[in-house]
Amino acid sequence: MKKLNLKKYTDYIIDEAVKLISVDSPTGYTEGIADLVTREFFALGYKPEKTVKGGLLIKIADAEAASSKAKAGKSGAKATNGKAANDKAQGGLFLEAHGDTLGGMVSKIKGEGRLEVTPLGGMNANNAEAENVKVVTKFSGEYEGTCQLANASIHVNGKYNDTKREWSSVEIVLDEKVKSKEDVEKLGISVGDIVCFDPRTRITKSGYIKSRFLDDKLSVAILLGYAKYLKEEKACPARDIWAYVTVYEEVGHGGSAGIPEGVTEGISVDMGCVGEGLTCTEHQVSICAKDSGGPYNYEVVKALTEAAKKSGADYAVDIYPFYGSDVEATLRAGHDIMHGLIGPGVYASHGYERSHRDGVENTLRLLIGYTI
């Protein structure tokens, strides 16, 4: 198979990722990211549909339309046979990525005007300390602040080094002149308000992508790039394919509902793990064979591996020791599908994450090789 030149699509994906990451979307506060993703798919010529839950379903390949074009012999239409695990059945495929991220929620206003926070998803207090934040109130706008260890001045706090960083020992210091609970309440801040952490996104000259929340906005951008490729290259997979952007993945039920009729296979396009004991790097696409929820469908893993080899994608097959995905939520909800998980290699997951444009390109290459 001739290796495709995917540079322009990789460039587009990275630009889209930066745009998506700039929109705050802690799980449960995702309307803004859903609206942006909707606009971006519309700009590509697709028609996203919003689920009741707040996610997005986008049909990006139509098997019937592909067949009609092939029979009619329309100029430029490339009718293709997908390489997916269940080609014989030619059931529908959905590709899941999630637009929700980690974050926090105000759980208490302390007497001295500081805020106690409860995490949204797996946000870790060790990774949150010293980060700039935005507190989004229900009715009174937004306020800036910083997540700090309580009594954060090392020249004052003799137990600074010994204090365990957990959500009860860190607090939000507002960038407002407040000295009491009453002062904070006058600003309109209350329990249940959303705390968004600064992503600090950077793209280096050497191609590294550094940011919070690459999990999973980088892969949402990859689905946009894949959809752009299908449209511009006039590629027509021989099966129905949906992109499904979920919004509650970080709390475990993002992909549990909204699966289109006729779907027989689902693949989560999420972050690939990079760390001790695993073989994947930030330059590769990771194919997950098993995670905390158990093994992924053997035939799907096998077919993904075969497609990676044939398409020339640099890949690794790994087992993730502490991980769960959207497509497992789909299975647990009772949907009868085959399932898989892929994604660009990401280091320092749930912290200040890092990937590389090579990993993005290899993930896109695998998606194309698997479906076209």
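See the structure printed just above.
In this text the structure is predicted, and so the values were computed from the model without any measurement. (Residues numbered from 1 in each chain as written. Predicted model: local features only at pLDDT ≥ 70, side-chain atom pairs only at ≥ 80, totals over all residues. Heavy atoms only, no water.)

S.K.: Mind showing me how you'd approach the side chain of N362 here?
M.R.: Summarising the element assignment, N362 is placed in helix 9 (residues 357-371). In this structure N362 comes out as buried when scored by relative accessible area, which is 9%. Ignoring any residue separated from it by four or fewer positions in sequence, one finds N362 in contact with H283, Q284, V285, G312, A313 and D314. (Helix = DSSP H or I, 4+ residues; strand = E, 2+ residues; numbered from the N terminus. Buried < 20%, exposed > 50% of the residue type's maximum accessible area, 1.4 Å probe, protein only. Contact = heavy atoms within 4.5 Å.)

S.K.: Would you explain the pattern of salt bridges in this entry?
M.R.: Side chains that differ in sign of charge can pair as their charged atoms come close. Using the criterion set out here, one finds 20 salt bridges in the structure. Among the ionic pairs, K59 bridges to D62, the shortest N-O distance being 3.7 Å. Since its relative accessible area comes to 34%, K59 is described here as partly exposed. The salt bridge partner of R200 is E131, with a shortest N-O separation of 2.8 Å. Of this pair, R200 sits in the loop between strand 10 (194-197) and strand 11 (202-203) while E131 sits in the loop between helix 4 (125-128) and strand 7 (132-136), placing them 69 residues apart in sequence. E131 sits in the buried class, given a relative accessible area of 5%. One continuous salt-bridge network, built from bridges that share partners, spans K7, D11 and R357. (Salt bridge = Lys/Arg side-chain N within 4 Å of Asp/Glu carboxyl O.)

S.K.: Just to check I follow, could you spell out the environment of D11 for this structure?
M.R.: By the element assignment, D11 lies in helix 1 (residues 7-21). Sequence separation between D11 and S325 is 314 residues, and the spatial gap between their C-alpha atoms is 27 Å. Polar side-chain contacts of D11 include one of 2.9 Å to the side chain of R357. (Polar contact = N/O pair within 3.5 Å; in protein donor to acceptor, adjacent residues only side chain to side chain.)

S.K.: Help me understand unusual backbone geometry, please; the structure alone is not making it clear to me.
M.R.: The general pattern is negative phi for most residues beyond glycine and trans for most peptide bonds. Cis geometry is found at the peptide bond from D215 to D216, where omega equals 10°. Following the sequence through the fold, D216 ends up in helix 6 (residues 214-232). The backbone of R200 sits at a positive phi, close to 55°, despite the residue not being glycine. By relative accessible area, R200 is classed as partly exposed at 38%. Look at A348: it is not a glycine, yet its phi comes out positive at around 60°.

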